[in-house]
Amino acid sequence: MDIRIGIKDSAREIAFDSAQAAKEVEDAVLAALDSGHLVLDDAKGRRYIVPSAGIAYVEIGSESTRQIGFVA
């Protein structure tokens, strides 16, 4: 699933693919608002740690896979 994290006072965003479920990511984001840091892992094993004070938004994409090829 695609995840995008917008950072306050920055034109750039953090975007990556994650193997985590949408509910798991949502729970992590909500917990981070109280704890101070958002910690998420991407599909390649990298870990992202973002201070919750700097988070402008978190966009959680759909869990469906993309179709490749032509549809008749």
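Residues numbered from 1 in each chain as written. Predicted model: local features only at pLDDT ≥ 70, side-chain atom pairs only at ≥ 80, totals over all residues. Heavy atoms only, no water.

Digging into the side chain of S52
(1) Moving on: By the secondary structure assignment, S52 is in the loop between β4 (47–51) and β5 (55–60).
(2) Moving on: The contacts of S52, once residues within four sequence positions are left out, are A32, L33, G36 and H37. (Helix = DSSP H or I, 4+ residues; strand = E, 2+ residues; numbered from the N terminus. Contact = heavy atoms within 4.5 Å.)

Overview of the nonpolar core
(1) Moving on: In this structure, M1, I3, I5, F16, V25, V29, A32, L38, L40, V50 and I55 together form the largest nonpolar core, which totals eleven residues.
(2) Moving on: Listing elements by their share of this core, those giving two or more residues are β1 (2–7), α1 (22–35) and β3 (37–41).
(3) Moving on: Setting aside residues no more than four positions away along its own chain, V25 makes contact with I3, Q20, L40 and I60. (Core = buried A, V, L, I, M, F, W, Y, C linked by side-chain atoms within 4.5 Å. Buried < 20%, exposed > 50% of the residue type's maximum accessible area, 1.4 Å probe, protein only.)

Things to note about the pattern of salt bridges
Pairs can form between side chains of opposite charge whenever their charged atoms are close.
(1) Moving on: The tally for this structure, following the rule as stated, stands at four salt bridges.
(2) Moving on: A salt bridge links D27 to K23, with the shortest nitrogen-to-oxygen separation between them at 3.4 Å. You can see D27 and its partner K23 sitting in helix α1, four residues apart, about one turn around the helix.
(3) Moving on: When its relative accessible area of 38% is taken as the criterion, D27 is described as partly exposed.
(4) Moving on: Taking relative accessible area as the criterion, K23 reaches 53% and is therefore assigned exposed.
(5) Moving on: A salt bridge links D42 to R46, with the nearest nitrogen and oxygen atoms 2.9 Å apart.
(6) Moving on: Exposure remark for R46: the relative accessible area of 46% places this residue in the partly exposed category. (Salt bridge = Lys/Arg side-chain N within 4 Å of Asp/Glu carboxyl O.)

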